[in-house]
Structures are given as C-alpha cells and as structure tokens.
Amino acid sequence: MSRSAHPAGPRHADVLPEGHYSAPAADLNVLDEKVWSRTVTRDADGALTVGGIAVARLAEQFGTPAYFLDESDFRARCRAWADAFGPDADVFYAGKAFLSRAVVRWLQEEGLNLDVCSGGELTTALDAGMPAERIAFHGNNKTVAEIERAVEAGVGRIVLDSFQEIVRVAHTAQRHGVRQRVQIRVTVGVEAHTHEFIATAHEDQKFGIALADGQAAEAVRRALSLDGLELIGVHSHIGSQIFDMAGFEVSARRVVQLLAEIRDEHGVELPEIDLGGGLGIAYTSDDDPREPHEIAKALSDIVTRECEAAGLRTPRISVEPGRAIVGPTAFTLYEVGTIKPLEGLRTYVSVDGGMSDNIRTALYDAEYSVALVSRTSDAEPMLVRVVGKHCESGDIVVKDAFLPADLAPGDLIAVPATGAYCRSMASNYNHALRPPVVAVRDGEARVIVRRETEEDLLRLDVG
Ligand SMILES: *Cc1c(COP(=O)(O)O)cnc(C)c1O
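Residue positions are counted from 1 within each chain, in the order its sequence is given. Local features in a predicted model are, by the rule used here, given only for residues with pLDDT of at least 70; side-chain atom pairs are given and counted only at 80 or more, and totals for whole chains, interfaces and linings are based on all residues. Hydrogen atoms and water are omitted, and side-chain values are computed over all heavy atoms in the structure.

1. Notes on the overall build of the chain
Okay, step 1: Strands are runs of DSSP state E lasting at least 2 residues, helices are runs of H or I lasting at least 4, and numbering of each runs from the N terminus. Within the chain, the secondary structure is distributed over 12 helices and 24 strands.
Okay, step 2: Taking the principal axes of its C-alpha atoms as reference, the chain extends roughly 70 × 50 × 40 Å.
Okay, step 3: In the chain, buried positions account for 54% of the 463 residues.
Okay, step 4: Throughout, a residue-residue contact means that at least one pair of heavy atoms, one from each residue, lies within 4.5 Å. In the chain, once contacts between residues fewer than 6 apart in sequence are set aside, the share between residues at least 24 apart is 71%.
Okay, step 5: Only the protein chains shown count as cover for residues, with accessible areas throughout obtained via the Shrake-Rupley method and a probe of 1.4 Å. Accessible surface, the chain as shown: approximately 19,600 Å² in total, 49% of it carbon and sulfur. Any residue under 20% of the maximum accessible area for its type is buried, any over 50% is exposed, and the rest in between are partly exposed; the area is computed with a 1.4 Å probe on protein chains only.

Structure below.
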C-alpha cells in the first residue's frame, strides 16, 4: 500500500521490501475466511458458493467478469459498526467506496448514515430515499450547483473544505432562509497508511484547512460569524487501509486541542467531532484488521481521555468507514483466458477483465489474493501474476499469488475483497464494458448494477 510514498515513518521498519510475496498456503483449496465474505464456502463438488449459490451457476447467469456482493455480510457489517459505536455516536458509510440504490436502502434499513462527495452520489442517495438529514456532503471543490442542491435537499451536514466554501455555503443557506449545519475539515498533519503514519505540522495535500499557522482557527472564526451556518464540529480524515490506531491518537489529540482553543476564544464547546474513515481490511492472509468494537472502544477512549485532559465535555463522535464495510463483502469473478509460463520468472494468467474493473493494483500497488473457484485441485502451487486484457503492461490485478499448476483456460478464478473502490473506480478503458454488481443472499442472486453494453458505449458517442 503506497509504500513508496512513505520513505520515512515511525513504523517504517515493518514495511516489506518491494517484490515480496508470501509462501504459498499449505492447501490452495482452503478459502481463508479473513479475505472472503461470510457466506462463501466450497460445496461438495469443490466449487465456491456464495449465499448458497455455486459460482458456475452465477457465471452462467450473469457472465464474467462480475462482482458478487454478499448482501447478508454487508448488512451484518453495517449492524456491527452501528452496534459498536452505539446510540451516542454516528456511523456514516462512505459512499465513494461503492454506492448504488440498493446499497442506500440497506444502509437505511440497518440504521447507518451516508457520506457523499458529488452531485451524482447525492442524487443516488436521495433517489433511493435516504433521508437528507442522514446525509453528509464532502468534497474539496463542491460546485456552486452541488452546494445549492445539498442545501435545498436539507442534508444533515456539509463538511467545509476551504475558505471560499465557507462563504459559498453561508450565502446559499441564507438565500434559502436556512441555517446549514456544517463541520470544518481540518488537516491535522497526520497521514496514516496501513502500519505507518507520518505526523508533521504541515500537510502537503488538497483537502481541508490546516491546523498549522492558525488556519483552522481562522476558519472557525469565520464560520461562527456567518448567519447561514451552524457550526456543529470539526472533521479529520487521516488516511486509508489503516491497521494501527496510533495515527488516530495523534489526530484526535490535535482536534481536541482545537476544540479547547475554540472554547477559550469563543466560549462555545462544539458538540461533534468526526474522525473520518480509513480503517483497513484483509486483502491477503497477512492482514489482520480490527473488529468494529475494538475500533469504537479505541477511538472513544482516545477522545474521552483527551477531552478530560482539556476540561471539555466529550463531543459526539462520528466515523466514516467505507472500505471496512463494503470491501470484504464482494469478490470479482473472472474466467481464465490465456496462460503464459515465463521460465524462471512466473506464469502470467490473463483474465477477461483487468484494470478497468480493478485499478487499485496499478494505482496504489495494492495487494490482493486469488483462488481457483470453479473446482478444487491437488496440483502443485505455481507463482502467478493475474493480469487483465488491456493494452497496458501495468494492467495487473494480482501481482504475486499462487494458483494450482493445472490451471486451464476456462477455469473460473476469483479475487476477494473487491467490494470497495473497484466498481466505483471502474473505467471504460479500451471500451471495456463495466461489469455488473450482483447481490447474493439466501440462495437468490439479483443484479443491482447491470453490466454495461456496447449500446451504452454507442449511446454516449454521439457521432
Ligand atoms: C475516503 C473517505 C472516507 C472513507 O475511507 P475508507 O478508507 O473507505 O474507510 C471517509 N471519509 C472521508 C472524508 C474520505 O475522504
């Protein structure tokens, strides 16, 4: 995960060298429950089943490549987060990880709130009936039209990301005769990824308003002075795929310090803080993510402790997990096309998708696992690189993994933990048709986002 972007960091020593891969699992047929969604298992014939349906049937009915989303697992994870944080905190699912109208309905039914960061995501949320007050609107460059729609719809909060936006949202709210509830996104100088974090005073990035140099304090001053705004709190989001809570500790301390400064200067204790998302999941058997109740306890302990030290009432906490909810709930099913053994190197296994359905490996050097799922095999493990069908040598889905040496064209293989940032980042590169998302639950499978067709491509191309 983005190792090269972090040449130094407190936990740098833990970072594995480039080109690392683990030894093959003792039995390649075993599906590690850490990386597969909860209803995944192998049936008596050795084929993978999800929600009680075998992959061969799914492939026949829906084609490949396709994402299969384990609906009961998704719902269970929503409930686990909501239960872990309890009635005195709020869980906002980060819609950018994966959003569809079905997902919005599940979130409502399971009691979660929703983060959106574009007009398109807002439209999807509202169209599926998410109450506006349960929606938070993010983004570093919300257009005036997007702000207009968010205020008009009555979203529960807009997270202000710049000085210009403070004024824009205040004006829009005033024109609509409302006070818009807002938070200010601050950059606390902590950037966390997986096992390492960097804590500095300054942060070189486009999001938020810096705590450094009194910038965030000035933003608070302005927000408090504008009639159109009701400032309810401060927001911080420090990274992605984080396993170690130490980065949150530093960030919470800095945010609470700001709350104390606000109290001292303005005599108000802001009632909420949002600690963002970024909690990690298992992409491979080497990853050990924390359970929601451990995360909830750790965050609440940190905030309570820091607030006590600063003599503040503990604010209401909100969090914004995206990946940690949807990531583990889906896998991508591919059909093996060509197989090229490169003597002394590895075997290249080409599938019928690639960087158009999973850009994360090319973009972030992300790690994934893969399994043969249409059957079991007793063949020896072979080192493979799973690649796509795109005209780009960086078109890699799984960089290093082991599959049985008797793998053959026509076999089905699946990459687990592709629920987050795969379909939502999918592209039409090479005029690929973006795959469908099929929800599977209790023996039933239904398309929630259909496969793109060549007609869709031609419809956009107006000739
Ligand atoms: C991306 C993002 C999230 C979700 O991050 P995950 O890694 O999917 O948990 C939450 N909040 C904000 C502000 C984000 O930008």
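On we go from here.
2. Notes on the side chain of Asn29
Okay, step 1: Tracing the backbone shows Asn29 in the segment before strand E1 (41–42).
Okay, step 2: The exposure class of Asn29 is buried, given its relative accessible area of 13%.
Okay, step 3: The definition of a polar contact used here is a pair of N or O atoms within 3.5 Å, where within protein one atom must be able to donate a hydrogen and the other to accept one, and adjacent residues in sequence count solely through side-chain atom pairs. Within the structure, the side chain of Asn29 is placed 2.9 Å from the backbone oxygen of Ser377, a separation counted as a polar contact.
Okay, step 4: What Asn29 contacts, discounting residues up to four positions off in sequence, is Arg42, Thr376, Ser377 and Asp378.

3. Digging into empty space enclosed by the protein
Okay, step 1: Only protein atoms enter the 1 Å grid used here. Points where a 1.4 Å probe fits but cannot escape make up a cavity, open sets with protein on both sides within 12 Å along at least five of seven lines make up a pocket, and a residue lines them when an atom lies within 4 Å of a point. Grid points are joined across faces, edges and corners, and a volume is the space filled by probe spheres set on the points. Here the structure, examined in full by the defined rule, presents 5 cavities of 30 Å³ or more.
Okay, step 2: Taken as a whole, the largest cavity holds about 50 Å³ of empty space.
Okay, step 3: Forming the boundary of the largest cavity are Tyr67, Leu69, Phe98, Ala330, Thr418, Gly419, Cys422, Arg423 and Val437.
Okay, step 4: Amino acid classes used here: Ala, Val, Leu, Ile, Met, Phe, Trp, Tyr, Cys and Pro are nonpolar; Asp, Glu, Lys and Arg are charged; the rest, including Gly, are polar. Residue composition of the lining of the largest cavity, by class: 6 nonpolar, 2 polar and 1 charged.

4. A word on the site of the ligand
Okay, step 1: Residue proximity to a molecule or strand is established when one non-hydrogen atom of the residue lies within 4 Å of it. Taken together, 13 residues form the shell around the ligand, and within it Lys96, Gly278, Glu320, Arg323 and Tyr421 come nearest.
Okay, step 2: Between the ligand and the protein, one listed contact pairs an oxygen atom with a backbone N or O atom of Gly278 at 2.8 Å.
Okay, step 3: The backbone of Gly322 places a nitrogen or oxygen atom 3.0 Å from an oxygen atom of the ligand.
Okay, step 4: Surface burial for the ligand is 92%, taken as the share of its 390 Å² of free accessible area covered by protein chains.
Okay, step 5: Pocket occupancy is defined atom-wise: a molecule lies in a cavity or pocket when more than half of its atoms are within 2 Å of its grid points. The pocket occupied by the ligand, as judged from atoms lying within 2 Å of grid points, is the largest pocket.
Okay, step 6: When grouped by side-chain class, the residues that make up the shell around the ligand number 3 nonpolar, 6 polar and 4 charged.

5. Things to note about the nonpolar core
Okay, step 1: Grouped together as the largest cluster of nonpolar side chains are 111 residues, with contacts concentrated most on Phe74, Tyr93 and Ile413.
Okay, step 2: Ranked by the residues each element gives to this core, the list is headed by helix H8 (residues 246–266), at 10 residues.
Okay, step 3: Residues lining this core come from more than one domain, with at least three contributed by each of domain 1 (41–70 + 328–460) and domain 2 (138–321).
Okay, step 4: Setting aside residues up to four positions removed in sequence, Tyr93 forms contacts with Phe74, Phe98, Val103, Leu107, Leu112, Asn113, Leu114, Asp115, Pro321, Gly322, Ile325 and Val326.
Okay, step 5: For our purposes a nonpolar core is just a set of buried Ala, Val, Leu, Ile, Met, Phe, Trp, Tyr and Cys residues, chained together by side-chain atoms within 4.5 Å. Residues Leu31, Leu48, Val373 and Leu412 belong to the second largest nonpolar core, which totals 22 residues. The source of the domain bounds is an automatic or database domain assignment.

6. Describing the UniProt feature "binding site: pyridoxal 5'-phosphate" (unreviewed entry) in the chain
Okay, step 1: UniProt positions are given in the numbering used here, feature names are shortened, and annotations may be inferred rather than shown by experiment. As annotated by UniProt and renumbered to match this structure, "binding site: pyridoxal 5'-phosphate" (unreviewed entry) occupies Gly278, Glu320, Pro321, Gly322, Arg323 and Tyr421. Lining the largest pocket, from this annotated set, are Gly278, Glu320, Pro321, Gly322, Arg323 and Tyr421.
Okay, step 2: As for its placement among the helices and strands, Gly278 is situated in the loop between strand E15 (272–274) and helix H9 (292–310).
Okay, step 3: Exposure remark for Gly278: the relative accessible area of 14% places this residue in the buried category.
Okay, step 4: With residues up to four places along the chain from it excluded, the contact list for Gly278 reads His237, Gly239, Ser240, Gln241 and Ile242.
Okay, step 5: Along the chain, Glu320 falls in the loop between strand E16 (316–319) and helix H10 (323–326).
Okay, step 6: Look past the residues within four positions of Glu320 in its chain and what remains in contact with it is Phe92, Ala94, Asp115, His138, His235, Asp274, Gly276 and Gly277.
Okay, step 7: Polar side-chain contacts of Glu320 include one of 2.9 Å to the side chain of His235.

7. Digging into the layout of surface pockets
Okay, step 1: Empty space within the largest pocket amounts to approximately 1,200 Å³.
Okay, step 2: Lys96, Arg185, Phe207, His237 and Gly239 are the residues nearest the centre of the largest pocket, which is lined by 47 residues in total.
Okay, step 3: For the lining of the largest pocket, the elements supplying multiple residues, two or more each, are strand E6 (113–116), strand E10 (190–194), strand E14 (239–242), H10 and helix H11 (360–364).
Okay, step 4: Of the domains in this structure, domain 1 (41–70 + 328–460) and domain 2 (138–321) are the two that each give at least three residues to the lining of the largest pocket.
Okay, step 5: Of the voids in this model, the second largest pocket is the one considered here, and its volume is about 590 Å³.
Okay, step 6: Along the wall of the second largest pocket there are 31 residues; nearest its centre are Thr284, Ser285, Ser369, Val370 and Ala401.
Okay, step 7: Among the elements of the structure, strand E19 (371–372) and strand E21 (396–404) are those that each provide at least two residues to the lining of the second largest pocket.

8. Notes on the sheet that holds strand E2 (residues 48–50)
Okay, step 1: Strands are treated as partners if at least two bridges between them are detected by DSSP. Taken in spatial order, the 3 strands make up an open sheet running E1-E2-E3, and their pairing is antiparallel. The sheet terminates laterally at E1 and strand E3 (53–54), the two strands that pair on one side only.
Okay, step 2: As paired strands, E2 and E3 are joined by 2 bridges and run antiparallel to one another. Directly across from Val50, in E3, lies its bridge partner Ile53.

9. So, the pairing of strand E4 (residues 66–70)
Okay, step 1: Burial analysis of E4 places 5 of its 5 residues in the buried class, the great majority of the element.
Okay, step 2: A two-sided burial pattern is seen for E4, the buried positions comprising Ala66, Phe68 and Asp70 on one face and Tyr67 and Leu69 on the other.
Okay, step 3: For E4 and strand E17 (residues 330–342), the ladder comprises 4 bridges, and the chain directions are antiparallel. When the sheet's bridge partners are listed, Phe68 is paired in E17 with Phe331.

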